[in-house]
Amino acid sequence: MGDVVLLQLLRVLGEFLLTREAQARLGMLGLALLVTVTVGVRARHVGLAVGTAVVFTLLMTQA
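Keep in mind the model is a prediction, meaning the values are calculated, not measured.

S.K.: Go over the pattern of salt bridges with me, naming the residues and quoting the values.
M.R.: Under the criterion given, the structure shown has 2 salt bridges. The closest approach of N and O atoms between Glu15 and Arg11, which form a salt bridge, is 3.6 Å. Taken together, the residues Glu15 and Arg11, both in helix α1 (residues 2–26) and 4 residues apart, mark about one turn of the helix. A salt bridge links Arg42 to Glu15; its shortest N-O distance comes to 3.8 Å. Placement of Arg42 in helix α2 (residues 28–42) and of Glu15 in helix α1 is noted, with a sequence separation of 27 residues between them. Looking at Arg42, the relative accessible area reads 56%, which means it is exposed.

Cut-off values and rules
Residues numbered from 1 in each chain as written. Predicted model: local features only at pLDDT ≥ 70, side-chain atom pairs only at ≥ 80, totals over all residues. Heavy atoms only, no water. Salt bridge = Lys/Arg side-chain N within 4 Å of Asp/Glu carboxyl O. Helix = DSSP H or I, 4+ residues; strand = E, 2+ residues; numbered from the N terminus. Buried < 20%, exposed > 50% of the residue type's maximum accessible area, 1.4 Å probe, protein only.

This is the structure we're talking about:
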């Protein structure tokens with residue numbers, strides 16, 4: 001049970017840090033893309049998640 005809690009805590013911390021980085025570099029567009037990736041993953045909509053992740057990655061490399 002402790003491993004599950006630790007894993008969830010690390011995931012939340014990672015999402016928070018990635019969100020802060022995206023907002024700092026790309027503003028609201030980066031935040032919107034990151035939310036779209038998260039929604040796509042949780043909804044198990046692979047096309048949406050992968051497409052948005054590719055766009056997000058390309059924008060982050062340009063920023």
